[in-house]
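Report on the structure
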Amino acid sequence: MSEEWVLLDFRPSMFSYRVKIALAEKGISYECREEDLRNKSPLLLEMNPVHKKIPVLIHNGKPICESVNIIQYIDEVCKDKNGLQFLPSDPYEKAQARFWADFIDKKLHVASMKITWHKTKEELEEAEKEMIDCLKLLEQELGDKPYFGGERLGYLDIVLGGFCSWFCAIDLGLGNISIDAECSKLMEWTKRCMERESFSKSLEEPHKLHDFVVQMRERWGLTNKY
Amino acid sequence: MAKGDVQLLGAWSSPFTNRVQMALNLKSIDYEFIEVNFYSNKSESLLKANPVHKTIPVLIHDEKPICESLIIIQYIDEAWTKNGQSILPSDPYDRAIARFWAAYIDEKWFPLLKELGKESGDETKAAIMRKIFEGAGLLEEAFVKCSKGKEFFDGDNVGYVDIVLGCFLGWIKVTESMAGLKLFDETRTPGLAGWAERFVSHNAAKDIVPEPHKLIEFYMMVQAAKASTG
């Protein structure tokens, strides 16, 4: 049976980026359909009636929702070109990878949303501190390894990978801090990942992401200067 | 994987602890239960086992901690493959669906019950109840699709979504008695109503889901303690 993969996408979404990276790492060809989130398509509403959110991966007509579910599904259904999987085979190491993925979505993502939508200088500073605290914990988890997966890219690299453009956009001036100064190992990891074709083809360019956030904030009447 | 030494740091009143106990029961795993008094000073062993979140439950297997209940259940399923049937479905698509509903229950539905318990205004409470019923409707559809006419979300056997939702049945009954309404009733959600009765009498869940009156007593005690510390 021929395989059909469709991704319902929204270009600036970090959750979409990580799914695209996963698809690219597995060498999967897919059709990418951009959604207008102010006018969601009937297909999106049919495929994700519960949350009505992107990304949604549709495999042979069947939808999979929520980015970490999608990545695990892709991993379980397809081995990569080297016959390898994102998640380690050892159950304990798998649990650790899932733990940190959950941490990224519950803590880091929340801090990044607060940075995007902050209303006051105090809110921004508090959110930046939260983000740096998260990144320092992740740096400890990375240690001296080139990737979270060890010598090769793994699940956690892909889950965090969706944020790589965002980290660069922060350092271009979205915030008042420098991730490079505070978490240099993490920025090295970011640059290492962004040299991979799967990342460079999937992620929005950092300056474009920076401009998108600035424009979005201006549209909502939020200041970009303190 | 060898049996090894298994400990569970948790609290009897916590549904997140209860669901891990159910998973351990499904796999017939012997373990030492270490009760943590979550509302007083966090014990040193908890802070050492879960320094990031400082929450229970934590499973400790051969001295290695695993945190976050959904992750612990998947770990139990993957580490003890020879004990009983799988907790998660074997088909990757069914597994993705099971994980989806587990996340929905934990991140969207159960928090509504907690929110209801904290609110006092009638209008706000009514609005939250509407959302709870809408969610119950979604879970009913999920049950019909996943069970395919059988007794549990996982089919003939109790599985992942069954224990992820079933662990809340004690607190659901507390909500029902406080609100004077049934959340899983025979008219609106007949599938779930039947499922709930079957689940609480299943071997995996029996004696784990606390009696509602004990949960109410516990809830009152916690509220009183919070009020006295100001």
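Residues numbered from 1 in each chain as written. Chains lettered and ligands numbered in written order. Predicted model: local features only at pLDDT ≥ 70, side-chain atom pairs only at ≥ 80, totals over all residues. Heavy atoms only, no water.

**Here we look at a negative patch on the surface**
A cluster of acidic residues, Asp5(B), Glu32(B), Asp62(B) and Glu63(B), forms a negative patch at the surface. Along the polypeptide, Asp62(B) turns up in the loop between β3 (58-61) and β4 (64-67). (Patch = residues over 30% accessible without salt bridge, like charges linked within 9 Å, V, L, I, M, F, W, Y side chains within 5 Å. Areas by Shrake-Rupley, 256 points an atom, 1.4 Å probe, with all protein chains shown as cover. Salt bridge = Lys/Arg side-chain N within 4 Å of Asp/Glu carboxyl O. Lys, Arg positive; Asp, Glu negative; His and termini not counted. Charge placed at Lys NZ, Arg CZ, Asp CG, Glu CD. Helix = DSSP H or I, 4+ residues; strand = E, 2+ residues; numbered from the N terminus.)

**With respect to the pattern of salt bridges**
If you walk through the whole model with that rule in mind, you get 23 salt bridges over all chains. In this structure, the salt-bridge partner of Glu31(A) is Arg33(A), at a minimum N-O distance of 2.7 Å. A relative accessible area of 37% places Glu31(A) in the partly exposed class. A relative accessible area of 36% places Arg33(A) in the partly exposed class. Lys27(B) is the salt-bridge partner of Asp77(B), the closest N and O atoms lying 3.2 Å from each other. Highlighted residues: Asp77(B) in helix α3 (residues 69-79) and Lys27(B) in the loop between α1 (15-26) and β2 (32-35), separated in sequence by 50 residues. Across the pair, Lys27(B) and Asp77(B) agree in class, each one buried. Each of Glu76(A), Arg95(B) and Arg99(B) takes part in one network of salt bridges that share partners. (Buried < 20%, exposed > 50% of the residue type's maximum accessible area, 1.4 Å probe, protein only.)

**Topic: the sheet that holds strand β1 (residues 6-10) of chain B**
Residues and elements named next belong to chain B. Ordered in space as β2-β1-β3-β4, the four strands form an open sheet in which the pairing is mixed. Two strands lie at the open edges of the sheet, namely β2 and β4, each paired on one side alone. For this sheet, the mean angle separating the axes of adjacent strands, direction not counted, is 20°. (Pairing = 2+ DSSP bridges. Axes fitted to C-alpha atoms, helices over the stretch in contact; angles between N-to-C directions.)

**Some words on the UniProt feature "coiled-coil region" (unreviewed entry) in chain A**
Following the UniProt record, one finds the feature "coiled-coil region" (unreviewed entry) at residues 110-141 of chain A. Taken as a whole, residues 110-141 of chain A contains 91% helix and 0% strand, while its terminal C-alpha atoms sit 20 Å from one another. (UniProt positions renumbered as here; feature names shortened; annotations may be inferred.)

**Quick look at the pairing of β4(B)**
Residue and element names in this part refer to chain B. For β3 and β4, the ladder comprises four bridges, and the chain directions are antiparallel. Pairing of Leu59 across the sheet is with Ile66, part of β4. The hairpin turn running from β3 into β4, its antiparallel successor, is two residues long, and Asp62 in that turn takes a positive phi close to 50°.

**Some details on the side chain of Thr17(B)**
Residues and elements named next belong to chain B. By the element assignment, Thr17 lies in helix α1. Looking at Thr17, the relative accessible area reads 0%, which means it is buried. A distance of 3.2 Å separates a polar atom in the side chain of Thr17 from the backbone nitrogen of Ala11. Residues contacting Thr17, with those up to four places away along its chain left out, are Leu8, Gly10, Ala11, Phe33, Ile56 and Pro57. (Polar contact = N/O pair within 3.5 Å; in protein donor to acceptor, adjacent residues only side chain to side chain. Contact = heavy atoms within 4.5 Å.)

**A closer look at the nonpolar core**
Judged by nonpolar contacts, the single largest core of 148 residues is most densely connected at Trp166(A), Phe167(A), Trp109(B), Phe184(B) and Trp195(B). The leading source of residues in this core is helix α4 (residues 92-118) of chain B, at 13 residues. Not counting residues up to four positions away in its chain, the partners in contact with Trp166(A) are Met14(A), Ser112(A), Ile115(A), Thr116(A), Met131(A), Leu174(A), Leu209(A) and Val213(A). (Core = buried A, V, L, I, M, F, W, Y, C linked by side-chain atoms within 4.5 Å.)

**Here we look at the sheet that holds strand β1 (residues 5-9) of chain A**
Hydrogen bonds between backbone groups are what pair the strands of a sheet, and the pairing can be parallel or antiparallel. Residue and element names in this part refer to chain A. The strand order across the open sheet formed by four strands is β2-β1-β3-β4, and the pairing between neighbours is mixed. What marks the edges here is a single partner per strand, and that holds for β2 (31-34) and β4 (62-65). If you compare each strand with its neighbour and ignore which way they point, the axes differ by 20° on average. Inspection of the sheet shows β1 paired to β2 by four bridges, in the parallel sense. Residue pairing in the sheet places Asp9 in a bridge with Glu34 of β2. This element, helix α3 (residues 67-77), spans β1, β3 (56-59) and β4 of the sheet and lies at about 125° to β4.

**Re the side chain of Glu35(A)**
All names here are of chain A. Within the secondary structure, Glu35 is located in the loop between β2 and α2 (42-47). No salt bridge is formed by the buried Glu35; the nearest opposite charge belongs to Arg33, separated by 7.1 Å. Only 2.6 Å separates the side chain of Glu35 from the side chain of Ser41, close enough to count as a polar contact. Ignoring any residue separated from it by four or fewer positions in sequence, one finds Glu35 in contact with Leu8, Asp9, Phe10, Lys40, Ser41, Leu44 and Ile54.

**Points about the interface of chain B and chain A**
At the junction of the two partners, chain B supplies 23 residues and chain A supplies 26 residues. In total, about 2,200 Å² of surface goes out of reach between chain B and chain A, with carbon and sulfur atoms giving 67% of it. Per-residue buried area on chain B facing chain A is highest for Tyr93(B), Arg99(B) and Phe100(B); these three make up 27% of the total on that side. In this assembly, chain B and chain A are joined by four salt bridges. In this structure, Lys106(A) engages Glu68(B) in a salt bridge whose closest nitrogen and oxygen atoms are separated by 3.6 Å. The interface formed by chain B and chain A holds six residue pairs in polar contact (both at pLDDT 80 or more) in total. For the side of chain B that touches chain A, the secondary structure elements donating two or more residues are β4, α3 and α4 of chain B. Residue contributions to the side of chain B that touches chain A peak at ten residues, all from α4(B). When its residues are assigned to classes, the side of chain B that touches chain A shows 15 nonpolar, two polar and six charged. (Buried area = accessible area lost by both parts, 1.4 Å probe. Nonpolar A, V, L, I, M, F, W, Y, C, P; charged D, E, K, R; others polar.)

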